[in-house]
Amino acid sequence: MKFTKMQGCGNDYIYVNALEETVADPSAAAMRLSDRHFGIGGDGLVLIRPSEKADFFMDMYNADGSRSEMCGNAIRCVGKYVHDRGLTEKTELTIETLGGVKTLWLTLENGAVSSVRVCMGEPRFASAEIPVADDAPTFLRRSIEVCSRQWQVSAVNTGNPHCVVFTEDPYALDFSRIGPAFEHHPVFPARANIEFVKVIDHNTLKMRVWERGSGETLACGTGACASLAVSALLGKTGDEADVLLTGGRLHIAWDRKDNLLYMTGPAEFVFDGEVTL
């Protein structure tokens, strides 16, 4: 099977052109290939498939084999892949995901994609749509117990479920201990991605992320959108901000009139290869 390793702000996935290649068991392949010691190494597996609703379908699997609805960094890489590998000439295209159809705008330099802007859809704050196991209509500024400590959290769905936690120093936390405890907390029946966020100023956030099914990653596009949406809703920032992640910078904007989130960031090829499944 031919594959391409790509990354967006250090959030790296293994990409397969499933218009040409066949992967019989994507879940098992994701677990095997994502292993950084015995496999290719990555945060998961992305299959680029045909779509009846859009230009392409992004079918993605986390490193633990679970299927994911959406990933902002991965979808930018899909945009670069399909354009730069000649699968489309469009610079505005649509990608179907399990989290809905997303529109991408590609910025080119010397004929190749250098950055991608994505309409990430609406932030959904209704408890049932996140989902959270709570009867309240929203789950904002709520207290939950994790590792024998009370934490104030806010939840939102930006393509998949997210829990945003504001803290003074995201990098002082014992991530290997609290990350899984947050992800698997009973209040999140579908598990959740966890963002630990420091507000730098009205236009800048610093974010560290624990991703559902993958653990700590260098970046999370839907998580950056979740962090901005919660920060703006609670008045901690404006409706537009740079989000500083371990692997780089994303620009997030919330158009409140249409209630749509937009993400802009880079996408890079790392290497091509071939592996026997």
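Above this text is the structure in question.
Overview of the structure. (Residues numbered from 1 in each chain as written. Predicted model: local features only at pLDDT ≥ 70, side-chain atom pairs only at ≥ 80, totals over all residues. Heavy atoms only, no water.)

Another aspect to go through is the overall build of the protein. Each helix and strand counted, the protein has four helices and 18 strands in total. Radius of gyration (C-alpha) of the protein: 18 Å, near the 19 Å computed for a compact globule of 277 residues. A burial count over the protein gives 55% of its 277 residues as buried. Expressed as a percentage of contacts within the protein between residues at least 6 apart in sequence, the contacts between residues at least 24 apart total 60%. For the protein, the distance from the average position of its 27 positive side-chain charges to the average position of its 37 negative side-chain charges is 3 Å. (Helix = DSSP H or I, 4+ residues; strand = E, 2+ residues; numbered from the N terminus. Rg over C-alpha atoms; globule rule 2.2 N^0.38 Å. Buried < 20%, exposed > 50% of the residue type's maximum accessible area, 1.4 Å probe, protein only. Contact = heavy atoms within 4.5 Å. Lys, Arg positive; Asp, Glu negative; His and termini not counted. Charge placed at Lys NZ, Arg CZ, Asp CG, Glu CD.)

Here we come to the pattern of salt bridges. Applying the stated criterion across every chain, the model contains 18 salt bridges. Of the charged contacts in the structure, one is a salt bridge between Asp84 and Lys80, with a shortest N-O distance of 2.7 Å. With Asp84 and Lys80 both in helix α2 (residues 72-84) and four residues apart, the pair spans about one turn of that helix. Note that Arg191 and Glu183 form a salt bridge whose closest N and O atoms lie 2.7 Å from each other. Because the salt bridges share partners, they merge into one network encompassing Lys5, Asp12, Arg36 and Asp43. (Salt bridge = Lys/Arg side-chain N within 4 Å of Asp/Glu carboxyl O.)

On inspection of all chains with the given rule, the structure shows ten aromatic pairs. Taken together, a centroid distance of 6.5 Å and an interplanar angle of 75 degrees make the contact between Tyr13 and Tyr15 edge-to-face. A relative accessible area of 0% places Tyr13 in the buried class. Site record: aromatic cluster; members linked through ring pairs are Trp151, Phe175, Phe182, Phe196 and Trp210. Over the ring of Phe166 we find Lys236, and its NZ or CZ is 4.7 Å from the ring centre. The ring of Trp254 carries the charged tip of Arg256 above its face, separated from the ring centre by 4.2 Å. (Phe/Tyr/Trp six-rings, centres within 6.5 Å; stacked < 30°, edge-to-face > 60°. Lys NZ or Arg CZ within 6 Å of the ring centre and 35° of its normal.)

Taking 1.5 Å per residue, 13 residues should reach 18 Å; helix α4 (residues 221-233) reaches 18 Å between its end C-alpha atoms and fits that length. The element α4 is largely enclosed, with a buried count of twelve among its 13 residues. Along α4, the residues classified as buried are Gly221, Thr222, Gly223, Ala224, Cys225, Ala226, Ser227, Leu228, Ala229, Val230, Ser231 and Ala232. At the C-terminal side of α4, Gly235 shows a positive phi close to 80 degrees. (Expected span 1.5 Å × (residues − 1).)

Another point: the environment of Glu20. By the secondary structure assignment, Glu20 is in the loop between β2 (11-17) and α1 (26-34). C-alpha of Glu20 to C-alpha of Glu89: the two residues are 69 residues apart in sequence and 18 Å apart in space.

A separate point is helix α3 (residues 175-183). At 3.6 residues per turn, the α-helix brings residues three or four places apart onto the same side. Within α3 the residues assigned to the buried category are Phe175, Ile178, Gly179, Phe182 and Glu183. Across the axial projection of α3, the buried residues extend over an arc of 130 degrees, all falling on one side. Next to the buried residues of α3 lie β9 (142-146), β10 (149-157), β11 (161-166), β12 (193-201), β13 (204-211) and β14 (215-217). (Arc of directions from axis to C-beta.)

Okay, the pairing of strand β17 (residues 260-266) next. As defined by bridge partners, strand β8 (residues 112-121) adjoins β17 across six bridges and the pair is classed as antiparallel. If you follow Cys119 over to β17, its bridge partner there is Tyr262. For strand β16 (residues 248-255) and β17, the ladder comprises five bridges, and the chain directions are antiparallel. Each bridged residue has a counterpart across the sheet, and for Trp254 the counterpart in β17 is Leu261. Between the end of β16 and the start of β17, which pair antiparallel, lie four residues, with Asn259 showing a positive phi angle near 55 degrees. (Pairing = 2+ DSSP bridges.)

With that settled, consider the state of the cysteines. The final tally for this structure, using the stated rule, is zero disulfides. Counting only cysteine sulfurs, Cys71 is the nearest neighbor of Cys77, a cysteine outside any disulfide, at a range of 8.2 Å. When its relative accessible area of 0% is taken as the criterion, Cys77 is described as buried. Free cysteine: Cys147, not disulfide-bonded; nearest cysteine sulfur from Cys163 at 13 Å. A relative accessible area of 28% places Cys147 in the partly exposed class. (Disulfide = S-S within 2.5 Å.)

Attention now goes to the environment of Ala241. The residue Ala241 is located in strand β15 (residues 240-245) in this model. Along the sequence, Ala241 and Asn203 sit 38 residues apart, while their C-alpha atoms lie 4.4 Å from each other. Not counting the four nearest positions on each side in its chain, Ala241 is found in contact with Asn203, Thr204, Leu228, Leu250, His251 and Ile252.

This part covers unusual backbone geometry. Looking along the chain, the bond that leaves Ile130 and enters Pro131 is cis, with omega of -5 degrees. Positive phi values are uncommon outside glycine, yet Asn110 reaches one of about 55 degrees. Mapped onto the elements of the fold, Asn110 is located in the loop between β7 (100-109) and β8. A relative accessible area of 86% means that Asn110 is categorised as exposed. Despite not being glycine, Arg141 has its phi angle at roughly 50 degrees, a positive value. Mapped onto the elements, Arg141 comes out in the loop between β8 and β9. Using a relative accessible area of 48% as the deciding quantity, one classes Arg141 as partly exposed.

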